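Okay, here's what each chain looks like letter by letter:
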Amino acid sequence: MVIYSPFSLWMVSVQKTLWDFLLDETAATAIEYGLIATGIAVAIIAILKGVGSKLNTTFTSVQTALK
C-alpha cells in the first residue's frame, strides 16, 4: 500500500498544471491571428492611402471643370 503525503499530491498537481500550460497552443494561435490581422490592416491602409490621393486629384479636377 502506497501512502501519498499532501506535499507529493500537490507536486503532482503542480507538474500536471505546468505540462498543461506548456502544451497549450491556444495563445500562440491567437497571437498568430493577431499578427495576420495586423498585416492585412497595414496593407489596406497602404492601398487606401495611394487610392485616396488619386481620388482627391480626380475630385479636384472634376470640381475645377465644373466651375
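Everything here concerns the structure above.
All of these numbers come straight from a predicted model, not from anything done at the bench.

Draft legend 1. Region of the structure containing the overall build of the protein. Looking only at helices and strands, the protein features two helices and zero strands. Taking 2.2 N^0.38 as the reference for a compact globule, 67 residues should give roughly 11 Å; the C-alpha atoms of the protein span a radius of gyration of 29 Å, well beyond that estimate. Structurally, the protein occupies a C-alpha span of about 100 × 15 × 10 Å along its principal axes. Across the 67 residues in the protein, those meeting the buried criterion constitute 0%. Carbon and sulfur atoms provide 74% of the accessible area of the protein, an area that totals close to 6400 Å². Averaging the positions of the 4 positive and the 4 negative side-chain charges in the protein gives two centres separated by 32 Å.

Draft legend 2. How the structure looks around the pattern of salt bridges. Evaluated as defined, the whole model comprises one salt bridge. For K16, the salt bridge is made with D20, and the minimal N-O distance between the two is 2.9 Å. Linking K16 with D20, this pair stays in helix α1 (residues 6–23), spanning four residues, or about one helical turn.

Definitions and cut-offs
Residues numbered from 1 in each chain as written. Predicted model: local features only at pLDDT ≥ 70, side-chain atom pairs only at ≥ 80, totals over all residues. Heavy atoms only, no water. Helix = DSSP H or I, 4+ residues; strand = E, 2+ residues; numbered from the N terminus. Rg over C-alpha atoms; globule rule 2.2 N^0.38 Å. Buried < 20%, exposed > 50% of the residue type's maximum accessible area, 1.4 Å probe, protein only. Areas by Shrake-Rupley, 256 points an atom, 1.4 Å probe, with all protein chains shown as cover. Lys, Arg positive; Asp, Glu negative; His and termini not counted. Charge placed at Lys NZ, Arg CZ, Asp CG, Glu CD. Salt bridge = Lys/Arg side-chain N within 4 Å of Asp/Glu carboxyl O.

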